[in-house]
Amino acid sequence: MKGLSYLLITSFKNRLLSLKRKPALAVLYGIIFISIILMVIAFHADTNSINTASYKDIRILYGIIALIGMLYIVIFSSTGLSTGSTLFTMADVGLLFVSPISSRKILLYGLLKQMAATIFSALFILYQIFNLRKNFGLDSKGIVYLFIIYAITLFFCQLLSIAIYIYSNGNPVRKNIVRIIYYGVIVMIVISIFVLQRLHGGSLIENGLILVDNRLFQSVPVIGWGVMFFRAGIEGDILSLTVSLSLYILSSMVIISLFTSGNADYYEDVIYSTEITYRRLQDVKEGKKTFAKNVKVKDKVTGIKKGFGSNAIFYKHLLEGKRESRFLFIDSYTIIASIGAGIAGKYIPSVAAGYIILAMLIYIQFFLTMAGKLPMELKRPYIYMIPQRSLHKVVSASLTTIIKSFVDGILFFTIVCVVTETSLLLNMFLALAYACSGLFFVSFQLLAQRLLGGQPNKIITLTVGLGLFFILLSPGIGFSIFAVSVLPAALTFLGTLPFTFSSIIISVFIFVLCGDLLDKAEYTTGSN
């Protein structure tokens, strides 16, 4: 056990020492750490009373907990049916699996590492403490219970994924049993909501809230256990709190016993899962896609055959798009987001539904654009070898991403227009705002390369990107909000123009300022 303790301590120490070579990442961690401390201090120091009448229904928070549990069940169950999760890295496999250490101690080492990673990932909840107090009246105790149940749910679902992999690996019948169970539970929940609607009337959302508040629902594994734990915590129900925690602990003990039983060679199975995880991490660092491994690629057309110089990059991206999807610029995200926008338009009871949907889509768009074509091309040597101006090359490498933003915006808000029965002009301007925000995110990728150098760390890029988005576009956002509030009803469709114009102006300025990026940069592989 001393060897494992030494490995844990040394790994943590080396991670801290590595920050010397990555000062930008060290600054980011420092900012995150300080901001969390300041928020917690301000949360406790804030003694201003809020009118309890303004609090939203606490069942909404129950529903969010249940939805997160359902999402994790689907994601981790699907992972367990394919490659499985893992508690280890390739370094652990190379160092520990061949060492004369008890397999149970190695498993304990993996569990402790995973617990630490899970707790760290749950820290984002602390950024919502003021919203949780303002909207639901949560105090410090409520925040702690929410933090704990999120960490427990995530950790348990990771264990469940491993157990499903061990149980079903190589056995199609068992895989079908697992699918029937978790899809059956979800279908039963949906049917229950419709039954409640037939019995009590009202909207689907209201009946969904009635369901999550039901004690019987809270006995559903993971999805309901989390609600039971959180509700018991804020209501001071010690019995229910103990029951829910016991269910998690006993289920985890059963899963861990499966790992250590003689019938299941977990350490044989985990090597494959660890290799898959390692390969995916490497693909992410190199800018490769990791979510289309089993998609049948349409390769009837070969060769670019069009374009000259930097234009060849644009035509290469078009050919890749044709191979990945039957319809150019329309992929699975476009379809899913269109359905989601339509559902949101139907059930958001507000005249501002279009603006709310726009904000949610722009938030998702940011992360998708950061994984777009330009970052991948900047990691390859070819774009640096084309004898043309840098600006031409970066525009060509970004063009398909920009066009896709326009296509997505048109599709999303055409559906919103039909569902909400709002003005066609309003939805046209909302689509234009979405497309121009995509242009801004593309230009930010150039700015990130110029400011951070090399191949910027993804965490830093995403954090700085969101920060710059609000800093640079806050005037446009502010003027748009003001315009919507003061314009007469017949002209409210013009409300997004300040945001749209500021996005275009700032994007053009960044392209002109950083367009010579490739003339002054050295090609480098790898990632910080």
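One can find the structure itself at the top, above this paragraph.
In this text, all values refer to a predicted model and were calculated from it rather than measured experimentally.

Engineer: Go over the overall build of the chain, please, and point to the residues and values.
Structural biologist: A tally of regular secondary structure across the chain gives 22 helices and zero strands. Each of the 528 residues in the chain was classed as buried or not, and the buried ones make up 42%. Looking at the chain alone, contacts between residues at least 24 apart form 76% of all its contacts between residues at least 6 apart.

Engineer: I'd like a description of the nonpolar core, backed by residues and values.
Structural biologist: Residues Phe 217, Ile 223 and Phe 230 are the most contacted members of the largest nonpolar core, which totals 60 residues. Counting residues per element, this core draws most heavily on helix α7 (residues 140–168), at 17 residues. Leave out the neighbours within four places in its chain, and Ile 223 touches Ala 66, Gly 69, Met 70, Ile 73, Val 185, Ile 189 and Phe 217. Core analysis: the next-biggest nonpolar cluster, separate from the first, contains 46 residues, Leu 361, Phe 366, Val 394 and Leu 446 among them.

Engineer: I'd like a rundown of the pattern of salt bridges, residues and numbers included.
Structural biologist: Using the criterion set out here, one finds eight salt bridges in the structure. Arg 59 is paired through a salt bridge with Asp 57; the nearest N and O atoms lie 2.7 Å apart. A salt bridge links Glu 235 to Arg 231; the shortest N-O distance between them is 3.3 Å. In this pair, Glu 235 and Arg 231 both sit in helix α10 (residues 223–235), four residues apart, roughly one turn of the helix. Among the charged side chains, a salt-bridge network with shared partners connects Asp 57, Arg 59 and Glu 206.

Engineer: Give a detailed account of the side chain of His 317, specifying residues and quantitative values.
Structural biologist: If you trace the backbone, His 317 turns up in helix α13 (residues 311–324). Residue classification places His 317 among the buried residues on the basis of a relative accessible area of 3%. Ignoring any residue separated from it by four or fewer positions in sequence, one finds His 317 in contact with Lys 373, Glu 377, Ser 396, Ala 397 and Thr 400.

Engineer: Could you give an account of the packing of aromatic side chains, naming the residues involved and the relevant values?
Structural biologist: Here the structure, examined in full by the defined rule, presents 14 aromatic pairs. Seen from their ring centres, Phe 412 and Tyr 434 are 5.6 Å apart, and the 80 degrees between their planes marks the pair as edge-to-face. Linking Phe 412 in helix α18 (residues 390–420) with Tyr 434 in helix α19 (residues 424–452), this pair joins segments that are 22 residues apart in sequence. For the pair Phe 412 and Tyr 434, a shared accessibility class is recorded, and that class is buried. Each residue in the set Tyr 72, Phe 76 and Tyr 150 is aromatic and connected to the rest through ring pairs, giving one cluster.

Engineer: Hey, could you go over a nonpolar patch on the surface for me, with residue numbers and the actual values?
Structural biologist: The grouping of Leu 8, Ile 9, Leu 108, Leu 112 and Met 115 at the surface amounts to a nonpolar patch, some 410 Å² of accessible area in total. Breaking the nonpolar patch down by element, the ones donating at least two residues are α1 (2–18) and α5 (103–121). Sorting elements by how many residues they give to the nonpolar patch places α5 first, with three residues. Of note, Leu 112 is situated in helix α5. Residue Leu 112 is classed as partly exposed on the basis of its relative accessible area, which comes to 39%.

Engineer: A description of unusual backbone geometry should follow, citing residues and the corresponding values.
Structural biologist: With a phi angle near 70 degrees, Phe 329 is a residue other than glycine that sits in the positive phi range. Along the chain, Phe 329 turns up in the loop between α13 and α14 (332–347). The residue Glu 421 is not glycine, and still its phi comes out positive at about 55 degrees. With respect to the helices and strands, the residue Glu 421 is situated in the loop between α18 and α19. On the basis of relative accessible area, Glu 421 is assigned to the exposed category, the value being 71%.

Conventions and cut-offs
Each chain carries its own residue numbering, running from 1 in the written order of its sequence. For a predicted model such as this one, the threshold for reporting local features is a pLDDT of at least 70, and the threshold for listing and counting side-chain atom pairs is 80 or more; totals across whole chains, interfaces and linings nevertheless cover every residue. Only hydrogens and water are set aside when side-chain values are computed; all heavy atoms of the structure are taken into account. Comment: elements are numbered from the N terminus, with helices defined as DSSP H or I runs of at least four residues and strands as E runs of at least two. In this scheme, a residue with accessible area under 20% of its type's maximum is buried, one over 50% is exposed, and one in between is partly exposed, where area comes from a 1.4 Å probe on protein chains only. Any two residues whose heavy atoms approach within 4.5 Å are treated as being in contact. Among buried residues, those of type Ala, Val, Leu, Ile, Met, Phe, Trp, Tyr and Cys that are joined through side-chain atoms within 4.5 Å constitute a nonpolar core. Any carboxyl oxygen of Asp or Glu within 4 Å of a side-chain nitrogen of Lys or Arg constitutes a salt bridge here. Pairing of aromatic rings covers Phe, Tyr and Trp, the last through its six-membered ring, and needs centres within 6.5 Å; plane angles under 30 degrees mean stacked, over 60 mean edge-to-face, and all others mean tilted. Patch building starts from residues that exceed 30% relative accessible area and form no salt bridge, then joins like charges within 9 Å and nonpolar side chains (Val, Leu, Ile, Met, Phe, Trp, Tyr) within 5 Å. What sets the accessible areas is the Shrake-Rupley method with a 1.4 Å probe; for residues, cover comes only from the shown protein chains.

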